[in-house]
Each structure stands twice: as C-alpha cells, then as structure tokens.
Amino acid sequence: MIEIKDKQIIIDGKPKLLMCGEIHYFRLHPDEWQDRLDKLKLAGCNAVATYVPWLVHEQEEGVFDFTGRTRPELNLKGFIELCQENGLYFFLRPGPFIMAEMKNEGLPFWVYEKYPEIIPVGWDEKPATTKTVDYLAPGFLKAARNWYKAVAEVARPYLHSNGGCIIAFQIDNEIGMLSWVSNTPDLTEHLLDDFSNWLKKRYSNEILLRRYPFDLDDSLVRNEAVISPKESYAAELMKDLGYYMRDRFARYVSTLRGYAEEFGIRDIPFVVNIHGTGGLRGFTFPIGISQLYESYTQGPGYLSGSDIYFGDLEMNSFQDLYIINGFMDAVHLPDQPLTSVEFNCGDGNFGNNFGGRYDPSASDLKARMCIAQGNRLINYYLFTGGFNFRMDKALNDGNDRIAFTGERHGFAAPVSPEGKLNYTFPRMARGIQAIMAVGEKAAAMDEERDGVAFAFIPDYYMTEYKYPKSAKMAEIVSNLEANRAGGGWESMARSMLLAGYRFGAVDIQNKPLTLRETPVLALPSAKYMSGEIQQKLVDYLDEGGGILLYGEVPEYDMEGNECAILADALGVSPIGVRRDSGGYYLSLYAENWLAPRPELRTHFAQVFEAGKAMPLLKVYGTDEVCAFEAERGKGRAIVIAAAYPAELELYQTALERLGSKASLVHDCEEHGIFMTSTANREGERFIHLLNLDGFDKELRIYENGEELFGGLKLLLQSKDGVMLPVDLELEGREIAWSTAEITGYGPNSMDFRLTQKSDVIAFKEGAAIASSPDYTVERDGGLVKVVSLKHAKVDDRLTVYFK
C-alpha cells in the first residue's frame, strides 16, 4: 500500500525516501541492463526510473512491441522484471510526451499524419516551431488512450498493489513547456472553440462584451481576434489565456489519469513534473508551477516533481533552489510532499565538447538541500547514457535514429553510454549513501522554520503567452520579470539564508495569509498586483503582520488598471521612478535606523511622497524617498523600492524590527554557508550544513543563543555537505550530537564519515562503547564521548563498536 500523507511517501506503513536513477532501457542492449543496475545500487539508489517512448513501441498504429519481438531493447516487460529481481522500486514514465531528445518529443510520426488537426498555429497564424499538439483534441486523446491501454497491460502485473515493484506513474512530461518556450499557445480550431466556451462560463455576457468587443459565436471573427489581438484587449487576453491554459492542462492530466485507472493503474501516485529552470538558474521555474499547479492539486493521489538543472550549487544560485522548493510546497495540498523527477547529475558535458564542466560536489549539495527541505523522491537524470538506434523505417532526416543527439546519448551522465563511471560518480554516490543510511529517519523529518515566509504569487509568472506586437503585454511582462525574482531572490532571499533564516513560502494569491501561520512576510513585488492580493496584504497588516517588501509598491492591477490599495494603506504615493543612465549616476543615501551607511550607487529606484512613513533611503540630489518603514493597523511594513545589494545586516535588522529572529546561526565571517535543520515528531534532528565555496571554513553554531555541538569549533571543508545528528536514536542507542556524519548502523556497530581533525560523537548515557585503536572514550556529565584519533583529511572512515 502506498499513501501520500503528512508530506511523506508511505510504503507498506513506513515513510520512505526514494532515490532513483533514470536508466533508458531502450537505449541499452539487454545484456547491459544488469551492469547498469549494479552501478545504480553501488551509488546507493533504491529505485529505477525510465521513460517509455511511444515513438518506438508503436511505430505503426496498433502494432506494439513491449517484449523485444522486433528489437531486444524494446523488452520493457523484461526490464521491469529484472529491476524487480534486483529488489528495486520502479517509477514508470510513459508520456505520451517524454522529450528526452527523442524525435517528435516521443510521439509516433503516424499520430501527426493521421490527426493533422492537432498541430497548432501561434500568433498571427505562424506555424508552431515545436512538436507541441492540442492536448485535448479528440484525435490525440483517442490515440493516447490506446497507448495507455497498451502500457497498462504490461505494467499492471508489476504494480506495487499487485505485489510488484512499480510505485509511481508519471502523466505526460513537462506539460505546457513546448508552447511556453516557443510563445505558441496551441491555437487550433478545437482549442479556440474550447477557449470561447470557457470564457462564456467565466464571465457574464455584459462583462464579456466589455472585455472582448467581438462576437465569440462567429468563429472567423473570433479566431482572427484571438490569433492577432488588438491592443485594446491585449492585457485581458493574456490573463484569460493563462487562466484557461491552467484549466486545460488540469483537464488533460485528469483525462490521462482516467485512462490509466480505466486500464488498471491504481493505488500508486500519479506524478506531474514541472519544467522551468534555465541558464543554470531558477528564475523561470515558477512559470512551470504557475502553469501546472491546478493539475496536481485537483485531487488526492498526485505528486508534483521538479526538473532541476542548476549545475553547481554555489553562492550565485543556491537561493534559487531553496526558493523553488518553497514555491512548490506553497501551492501543494496539505499531504503532498516535494519530489524531483529530473534531478540533473553528471558533469554538464551536454555538448560532448568538454564544456559546462561541473564540480564533483554539484549533485551532492543539491540533493542535500532538497532532502533538508522535504523532498521524498529524487530521480538522478540521466544516471546512465546509451545509444539511439535507427528506426525500422527510414525517416530520411539525416540520421534515421530515434533521437536527434546522434548515436551516443547521455554523454554527460555519471555512467557513460559505454558504462564507464566518470569523475562525478564517487561524490554523487557518497551523498546518496549518506542520505540513505539515515533514510528511515529523514523520510519522516520536516524542515524547522523561523517566523518568516517568502511570498509566492502564481500570476506573477503567468507570462508565457504574449502577443509579440502588443506594447501593453510587453510592458506588464517586462515589469513582472524585473521584480518577481531578480533582486528579490538575489538580494533579499540570499541575505536571509546567509543570515541564518529558515523559511518556507506561502501562496498569497490562493491561500489564506494569517498572522498565526506567517508572522512576517518577505514579498518580492512588482508595479502590477491584483486588487484582491493588495487588500489581503492590507488586512494582514491590520491583523498585526509584518511585511518586508522588495521591488515596487504596486500601482496597477494585473490588467494595467490603476490600483494602489496597498500604497494608500501605507500612506505613501508613488510619484515616479529614477534610473541610472549615461552621465547620471543614481545614488542613494540612508536615514534613520538604516544610517549610517555609505552612499550607494544603483540603477533603479521607485520614489514616493512618504507622508508619515519613516524614510530609510533617499535619492541623492533630489531627496526623494525610495525606502521607508510604515505602520498600518497593528502591523508594520518595511519597503525597499530600489535595487539594493545583498547586505546581511540590513535584512536581519529589518526582519527583527518586524518581529522575526533567526534562531539557528553561526559565527563564520566568510559566510557562504547554507544551514538549516530538520526534525521529526519525536524531536530527533539533523543539522544540515553546505559549504558553497571552494575553501575550508571554521564556525561555531548557536541555537537561541546556546552553543551546539559542545561549543566545538567545526571545520566545514571546501564544497562539502554534512547532516549532523542531534538527539537521534538508532538501534536503541541515542546520539546527543556528532560532528561526524552517519553512514551506516547495525546492532553491534555504527559507521561514520569523519569531518574534523578530531571528531566527537556524543552518545547519551547508557551506550556501552567497545574499545578500538581508532578512538578514545570519555565520560562528560551524562554523555559518553567517542573521540576519533583519525584526521578526517587522512582517513575519513570510522566504525564505533558496541559491547
């Protein structure tokens, strides 16, 4: 039995961490399957994931091969059986779309040929530049239903509910991504009819006529008006099209799930994966959340999974990963946990030219952060490379192969197409093994948080469909893109994390914003914000909440209509913006509690008539206010409406003035350390530490002013990550704290990875420690301390034996 409960994945009554590796059986000869599974187990994984490509299993309509009848690589049935024999869980990902560099993104050629009406056009009737289709077109759904029927016949006997190994089923892949990246909103005749009907259900006739001055029942007029919209209703169309697409994607997911269940795929989670990272950053990832959150929150039994392509985790981007995990959690149903179903691993050599070379720490540090934030499933993608065979019938497209990457595929994976381990494998494996060594504990732990949350507004990321000729759309999107992430993440969020704050996120658009749940809100804000959200923020302030706003105080709603509810409530009036330009060096000076600070040059400031608000930053030469503190009701807001750098003391002081204090801190002046903590209901904990820099650091850790780890100064090695246990019970023995990381345990011994010159493992009274030449045993009050005689940089393995 598999349950999704309390943000956990519970299998047969026990919380589980699922550490998967993506192995494309169809790109490897069956003789190589066992070798790759052996390497997967060597890495510490307990599950296999794979796409199932429709393109190759049904090359002719109605003719399926899942047993290797036409080609040995297509023996899906045999691969599942082999994984089951190896004691591995199985995560099935059968599309219809799979991407994976496959031709047609994994769809058979005959589908496009038989149902040409599913092929959309974009703005101004320009042909789609991707292989996207109209998901809900009857012809496509008919073909997809038959595909799911065929897959289900193979998979059904191996479901966990039937005593098998299959524990999850992914519905399609990166839904909406192709239309987003190409700015092509799938405008088929069927979709335009559907959109028209959706509008009629959403709005009254009177409102519809005001929003859209054309006849929705005249398909010729309507189609032209939507495909080539006028400026007078451009903003309204952008908003409505985004809302419609969310609903459309949710209906598509529900339809596919219905097909799967119809054919016996039941009692396992259905997974929807979220696309959106780009350029090794996370700024655009919430676009995928915005597109799909209605799809995976429409009912129980769904999991959402991230696609994480960050490269190295370092000072420039670490806050991105933390924030997008928070945003995913913010929109979830109460029981839904985080997962990552495309978790980039390997060396980054995607171009097969030794470019994009990742540090060995890359996948380890990212995985540790994700586990600390509550990810219960991580799928290392791509775990092993393989080979693209030629299609049975010539395509005459230059290579006739199943994919466009050439014969070899997955050259960046930690296991090469030929099966060789690359330099990233040992560190990746070390991290997985450390996580899985305490997997039973970590699977039931949640991150501990301070009294502050980061605001998420899904509509700020609903910018994927914008008519290229619309100045109004361009203005709204440009301002949202400038303010929804950017400085709000790189200045405010980065400073918060480096100052020790542990925080989640809250969906202030769709969920309640209460003082009890969120004492202080960190809010990236644009010039545009709906009146409903602005009023919600005012009500929150009146209740006694604290808001730290970075960006712009809103002046308009999301359609460009004047709306200054929040500004009015704060008693300020926006009077313009000031920008750096050639020959003008926009500079800011501090006042009141923000002073004294050196004058700062910047590139942007929104300026105000501040009324009774306390000025904090002013523009040099004009004395215009661009940052202030204002009281409202029982609450208070601190607004930084200028581009301001990551300054830890500023944000720490601001948050403390608003009522939030970081309780877990360290004293390393070099910063560059990510630190958080997790705990379960029994009070067992881990302190998670990541060194984001390429040099060693020393630090002491304090919680609520008290020293942890016996007051020892810890060494955090270059680009290292550790999970240090606190008040943890294993095999009846309690660890009070340890500077070493647990790597294994049994009834008679416990294994550790050492991290210090002389590590200390402090057991609570009652632990009977056997002697060893590798350590000494000391009694200190109620603790039994094992003191390692090994230097971690010489030999980092220690086994503690028990009597």
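Residues numbered from 1 in each chain as written. Predicted model: local features only at pLDDT ≥ 70, side-chain atom pairs only at ≥ 80, totals over all residues. Heavy atoms only, no water.

Undergrad: Please provide a residue-by-residue account of the overall build of the chain, values included.
TA: On a plain count of helices and strands, the chain comes out with 20 helices and 40 strands. In terms of overall size, the chain behaves like a compact globule, its C-alpha atoms giving a radius of gyration of 28 Å where 803 residues would be expected to give roughly 28 Å. Summarising its shape, the C-alpha atoms of the chain cover approximately 85 × 80 × 45 Å along the three principal directions. Counting across all 803 residues of the chain, residues that qualify as buried make up 63%. Taking contacts inside the chain between residues at least 6 apart in sequence as the whole, the part at least 24 apart equals 73%. As displayed, the chain offers around 28,900 Å² of accessible surface, 49% of which is attributable to carbon and sulfur atoms. Distance between charge centres in the chain, computed from 84 positive and 115 negative side chains, equals 2 Å. (Helix = DSSP H or I, 4+ residues; strand = E, 2+ residues; numbered from the N terminus. Rg over C-alpha atoms; globule rule 2.2 N^0.38 Å. Buried < 20%, exposed > 50% of the residue type's maximum accessible area, 1.4 Å probe, protein only. Contact = heavy atoms within 4.5 Å. Areas by Shrake-Rupley, 256 points an atom, 1.4 Å probe, with all protein chains shown as cover. Lys, Arg positive; Asp, Glu negative; His and termini not counted. Charge placed at Lys NZ, Arg CZ, Asp CG, Glu CD.)

Undergrad: How would you sum up the sheet that holds strand 40 (residues 797-801)? Please name residues and give values.
TA: With respect to topology, three strands assemble into an open sheet ordered 35-36-40, the strand pairing being antiparallel. Edge positions in the sheet fall to strand 35 (741-745) and strand 40, since each of these pairs with one other strand and no more. Strand after strand, the sheet turns through a mean of 30 degrees between neighbouring axes, direction not considered. Summarising the sheet, strand 36 (residues 749-753) and strand 40 pair through five bridges and their orientation is antiparallel. Across the sheet, D751 pairs through a bridge with T799, a residue of strand 40. Here helix 14 (residues 425-437) sits on the sheet and contacts strand 35, strand 36 and strand 40; the angle it forms with strand 35, its principal contact strand, is near 70 degrees. (Pairing = 2+ DSSP bridges. Axes fitted to C-alpha atoms, helices over the stretch in contact; angles between N-to-C directions.)

Undergrad: Describe the pairing of strand 11 (residues 375-381), listing the residues and the values that go with them.
TA: Of all seven residues in strand 11, seven are buried; the element is thus mostly enclosed. Of the strand pairs in this sheet, strand 4 (residues 18-22) and strand 11 are connected by four bridges, and their pairing is parallel. Directly across from C20, in strand 11, lies its bridge partner N379. Where strand 10 (residues 338-344) lies against strand 11, five bridges are found, and the strand directions are parallel. Counterpart to F343 in the pairing with strand 11 is Y380. You can see the chain leave strand 10, run along helix 13 (residues 362-372) and come back into strand 11, and the turn it takes is right-handed. (Right-handed = clockwise from strand over helix to strand, strands pointing away.)

Undergrad: I'd like to hear about the packing of helix 12 (residues 318-331) against helix 13, residue by residue, with values.
TA: Direction vectors running N to C along helix 12 and helix 13 enclose 35 degrees, while the axes themselves pass 10 Å from each other. The two elements helix 12 and helix 13 cross, and the hand of that crossing is right-handed. Judged by residue contacts, F318, L321, Y322 and N325 of helix 12 engage K366, M369 and C370 from helix 13. Among the residues making up the contact of helix 12 with helix 13, the classes are represented as five nonpolar, one polar and one charged. (Left-handed = near helix turned anticlockwise from the far one by under 90°. Nonpolar A, V, L, I, M, F, W, Y, C, P; charged D, E, K, R; others polar.)

Undergrad: I'd like a rundown of the packing of helix 5 (residues 138-155) against helix 10 (residues 234-262), residues and numbers included.
TA: One way to put it is that helix 5 packs onto helix 10 with a least axis distance of 9 Å and a crossing angle of 35 degrees. In terms of crossing hand, the pair formed by helix 5 and helix 10 is right-handed. For the pair helix 5 and helix 10, contact is made by F140, L141, A144, R145 and Y148 and by Y252, T255, L256, Y259, A260 and E262, respectively. Of the residues contributing to the contact of helix 5 with helix 10, the split by class is eight nonpolar, one polar and two charged.

Undergrad: Tell me about the state of the cysteines, and please be specific about residues and values.
TA: The full count for this structure, using the stated rule, is zero disulfides. Not part of a disulfide, C165 finds its nearest cysteine sulfur in C83, a span of 6.4 Å. What makes C165 buried here is its relative accessible area of 5%. (Disulfide = S-S within 2.5 Å.)

Undergrad: Got a sec to walk through the environment of L28? Specific residues and values, please.
TA: In this structure, L28 sits in the loop between strand 4 and helix 1 (30-43). Since its relative accessible area comes to 1%, L28 is described here as buried. Setting aside residues no more than four positions away along its own chain, L28 makes contact with I23, W33, R36, E73, T384, G385, G386 and P417.

Undergrad: Can you lay out helix 17 (residues 486-498) for me, pointing to particular residues and giving the numbers?
TA: For helix 17, with 13 residues, the first-to-last C-alpha span of 17 Å sits near the 18 Å given by 1.5 Å per residue. Taken across its 13 residues, helix 17 has 11 buried, putting it largely inside the fold. Taken together, the buried positions of helix 17 are G486, G488, W489, S491, M492, A493, R494, S495, M496, L497 and L498. Following helix 17 by one or two positions, G500 adopts a phi angle in the positive range, close to 105 degrees. (Expected span 1.5 Å × (residues − 1).)

Undergrad: Explain the sheet that holds strand 38 (residues 775-780) residue by residue, including any values.
TA: Across the sheet, which stays open at both edges, the eight strands sit in the order 14-27-28-33-34-37-39-38 with antiparallel pairing between neighbours. The open sheet terminates on both sides in strands that have one partner only, identified here as strand 14 (446-447) and strand 38. Most of the contacts of helix 13 go to strand 28 (residues 685-691), to which it runs at about 145 degrees, and overall it touches strand 14, strand 27 (673-679), strand 28 and strand 33 (721-730).

Undergrad: Mind laying out the pairing of strand 16 (residues 504-507), listing which residues take part and the relevant values?
TA: A two-sided burial pattern is seen for strand 16, the buried positions comprising G504 and V506 on one face and A505 and D507 on the other. Two strands pair when backbone bridges link them, and strand 15 (residues 453-456) and strand 16 are joined in this way by four bridges, in the parallel orientation. Within strand 16, the residue paired with F454 across the bridge is A505.

Undergrad: Talk me through helix 10; I want residue IDs and the actual numbers.
TA: With 29 residues, helix 10 should reach 42 Å at 1.5 Å per residue; the first-to-last C-alpha distance of 41 Å fits that figure. In terms of residue burial, helix 10 counts as a mostly covered element, since 21 of its 29 residues are buried. Note on helix 10: the residue one or two positions beyond its end, G264, has a positive phi of about 100 degrees.

Undergrad: Got a sec to walk through a negative patch on the surface? Specific residues and values, please.
TA: Taken together, the side chains of D667, E669, E670, E706 and E707 define an acidic patch exposed on the protein surface. Examined against the element boundaries, E706 turns out to sit in strand 31 (residues 706-707). When its relative accessible area of 56% is taken as the criterion, E706 is described as exposed. (Patch = residues over 30% accessible without salt bridge, like charges linked within 9 Å, V, L, I, M, F, W, Y side chains within 5 Å. Salt bridge = Lys/Arg side-chain N within 4 Å of Asp/Glu carboxyl O.)

Undergrad: Describe the pattern of salt bridges, naming the residues involved and giving the relevant values.
TA: In this structure the tally under the stated criterion is 66 salt bridges. Ionic pairing is found between E490 and R281, a salt bridge with its closest N-O pair at 3.0 Å. In this pair, E490 sits in helix 17 while R281 sits in the loop between strand 8 (270-274) and helix 11 (285-296), placing the two residues 209 residues apart along the sequence. A relative accessible area of 25% means that E490 is categorised as partly exposed. Judged by relative accessible area, which is 12%, R281 ranks as buried. Between K441 and E684 there is a salt bridge, and its shortest N-O distance comes to 2.9 Å. Placement of K441 in helix 15 (residues 439-442) and of E684 in the loop between strand 27 and strand 28 is noted, with a sequence separation of 243 residues between them. The exposure class assigned to K441 is buried, which follows from its relative accessible area of 19%. Residue classification places E684 among the buried positions, given a relative accessible area of 8%. By sharing partners, the salt bridges in this structure join D364, R368, R427, R430, D720, E741 and R753 into a single network.

Undergrad: Please give an account of the packing of aromatic side chains that cites residues and values.
TA: Tallied over the full model, the rule gives 42 aromatic pairs. Ring centres 5.8 Å apart and planes at 70 degrees place the aromatic pair F169 and F270 in the edge-to-face group. You can see F169 sitting in strand 7 (residues 166-170) and its partner F270 sitting in strand 8, a full 101 residues away along the chain. F270 carries the same exposure label as F169, and that label is buried. Centre to centre, the rings of F709 and W737 are 6.2 Å apart; their planes meet at 85 degrees, and the pair counts as edge-to-face. Note that F709 is positioned in the loop between strand 31 and strand 32 (714-716) and W737 in strand 34 (residues 733-738), a separation of 28 residues in sequence. By relative accessible area, which is 3% here, F709 ends up buried. W737 gets classed as buried once you look at its relative accessible area, which sits at 10%. K366 extends its terminal NZ or CZ atom over the ring of F343, reaching a point 5.9 Å from the ring centre. Stacked on the ring of F802, the Lys or Arg R733 has its end atom at 3.9 Å from the ring centre. (Phe/Tyr/Trp six-rings, centres within 6.5 Å; stacked < 30°, edge-to-face > 60°. Lys NZ or Arg CZ within 6 Å of the ring centre and 35° of its normal.)

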